[in-house]
Amino acid sequence: MKHLLISLAALAAAPAWAGDHGLPANTPAAYKTECGSCHAAFPPALLAASDWRRTMAGLDKHFGTDASVDARTHAALLAFLERQAGRRAASPGTAEPRFTTGAWFVREHREVPPRVWKDPKVMGPTNCAACHKGADQGRYGERELSVPGMAYREHD
Amino acid sequence: MKNALFALALAVSQNLWAETPSHFLDTYSAEAAKSQPGFSANAARGKAFASRNWGVSEKLPSCTACHTDNPRNPGRHAVTGKTIEALSPSVSTARFSDPAKVEKWFKRNCKEVVGRACSPAEKADFIQFVIGAR
């Protein structure tokens, strides 16, 4: 019985690990409310722990806006991001860590032509939900992809 | 008994936490009246405030740059393109219910768009405009 429960729990947790690089199942609610209001709550695996430390250290001047949070929330978010961080570092040369200019992100999105990035419905790579319909729930799998101005089909 | 007490405590604390839009309207109006005796919030002033081009930020000239002219419509972040739920509490029921959230966004958005903190009178007018939108 115990084993059955454990494997059920594992099954329930599985979608978050299904290789779509989305938000982990244990994502704190504060991450979605504090870091998911101006843009999608980005998957922590897309930056390295050292990048997240830099991002979190500069929230009062975050890409020209003030994204600061109270001290308790700050500590909880930083701990979550460090724990779930990936090994991919941000692309060098940007003052604040970015993954959208990094090699992995650019490669995953190589099929997206420049005109689509500039489409007013998209506005740029940080608008994940313009194409990834599950982005607000942290899902980036191919099944939930719909790219404006592009007949996107899953490849085999 | 213990369970009933617990449920009661929970109900009370939830009541304390979730405020209504008119609570914010009253609080800001009372604050504004301290320096402007007889102050009464005004939706037309709030609308003008929301759509005014403050000339502080090129990308974010006005509140309506992200929230649109109509508080009942969903907005769109002018930099990232992300959809923003409508500000009208009759469309998005969670709006103007959490004091910390309301203050956080006034602080953030006013600094960015207006270049300073908004006054209690400006906040009261803005809320009057938002909750009155039909």
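Each residue is numbered by its place in its chain's sequence as written, counting from 1. Chains carry letters and ligands carry numbers; both start at the beginning, A for chains and 1 for ligands, and go up in the order they are written. Given that this is a predicted model, residues contribute local features only at a pLDDT of at least 70 and side-chain atom pairs are listed and counted only at 80 or more, while totals for whole chains, interfaces and linings are drawn from all residues. Note that the side-chain values use all heavy atoms of the structure and ignore hydrogens as well as water.

### Examining the state of the cysteines
Point 1. In this description, the term disulfide denotes a pair of cysteine sulfurs within 2.5 Å. Within this structure, the stated rule accounts for 1 disulfide over all chains.
Point 2. Here C110(B) connects covalently by a disulfide to C118(B), the sulfurs 2.0 Å from one another. The sign of the -100° torsion about the S-S bond sets the C110(B)-C118(B) disulfide as left-handed. Accessibility classification places C110(B) together with C118(B) in one group, the buried group.
Point 3. We note that C35(A) lacks a disulfide partner, and the nearest cysteine sulfur, in C38(A), lies 9.6 Å from it.
Point 4. The class of C35(A) is buried, set by a relative accessible area of 17%.
Point 5. Of all cysteine sulfurs, the one in C38(A) lies closest to C66(B), which takes part in no disulfide; the gap is 8.3 Å. We call a residue buried when its accessible area falls under 20% of the maximum for its residue type, exposed when it is over 50%, and partly exposed in between, using a 1.4 Å probe and counting protein chains only.

### A look at helix 6 (residues 120-132) of chain B
All names here are of chain B.
Point 1. In DSSP terms, a helix is any run of H or I states spanning at least four residues, a strand is any run of E spanning at least two, and both are numbered starting from the N terminus. Expected helix span is given by 1.5 Å per residue-to-residue step, counting one fewer step than there are residues. The terminal C-alpha atoms of helix 6 lie 18 Å apart, and with 13 residues this matches the ideal 18 Å at 1.5 Å per residue to within 8%.
Point 2. Turning to helix 6, its buried residues are A121, E122, K123, A124, D125, F126, I127, F129 and V130.
Point 3. The criterion used for residue contact is that any of the two residues' heavy atoms lie within 4.5 Å. Contacts from the buried residues of helix 6 go to helix 2 (21-35), helix 3 (43-51) and helix 5 (99-113).

### Some remarks on unusual backbone geometry
Point 1. Positive phi, normally seen in glycine, also occurs at M123(A), with a value near 75°.
Point 2. A positive phi angle is found at T68(B), which is not glycine, with a value near 65°.
Point 3. Mapping T68(B) onto the fold places it in the loop between helix 4 (64-67) and strand 1 (75-76).
Point 4. By relative accessible area, T68(B) is classed as partly exposed at 27%.

### Regarding the environment of C35(A)
Point 1. Along the chain, C35(A) falls in helix 2 (residues 29-35).
Point 2. If we skip the residues at most four places from it in the chain, C35(A) touches A30(A), A40(A), A41(A) and L77(A).

### Some details on the pattern of salt bridges
Point 1. The term salt bridge refers to a side-chain nitrogen of Lys or Arg lying within 4 Å of a carboxyl oxygen of Asp or Glu. Under the definition given, this model contains 8 salt bridges over all chains.
Point 2. As a salt-bridge pair, E144(A) and R139(A) come within 2.8 Å of each other at their nearest N and O atoms.
Point 3. E144(A) gets classed as partly exposed once you look at its relative accessible area, which sits at 27%.
Point 4. When the shortest N-O distance is used, the salt bridge between E122(B) and R116(B) registers 2.8 Å.
Point 5. Here R116(B) falls in the partly exposed class, since its relative accessible area comes to 37%.

### Quick word on the packing of helix 2 of chain B against helix 6 of chain B
Residue and element names in this part refer to chain B.
Point 1. In this analysis, axes come from line fits to C-alpha atoms, helices being fitted only over the stretch in contact, and the angle between any two N-to-C directions falls in the range 0 to 180 degrees. Orientation of helix 2 relative to helix 6, taken along the N-to-C sense of each, is 150°, at an axis distance of 8 Å. The pairing of helix 2 with helix 6 is recorded here as roughly antiparallel in orientation. Considering the relative orientation of helix 2 and helix 6, their crossing is left-handed. In this structure, helix 2 uses P21, F24, L25, Y28, S29, E31 and A32 to contact helix 6, whose residues at the interface are P120, A121, K123, A124, I127, Q128 and I131.
Point 2. The residue classification treats Ala, Val, Leu, Ile, Met, Phe, Trp, Tyr, Cys and Pro as nonpolar and Asp, Glu, Lys and Arg as charged. All others, Gly included, are polar. Here the residues of the contact of helix 2 with helix 6 sort into 10 nonpolar, 2 polar and 2 charged. For this classification, under 35 degrees means roughly parallel, over 145 means roughly antiparallel, 65 to 115 means roughly perpendicular, and everything else is oblique. The hand of a helix crossing depends on one turn: near helix anticlockwise from the far one by less than a right angle means left-handed, and clockwise means right-handed.

Everything listed is a geometric property; what it means functionally is a separate question.
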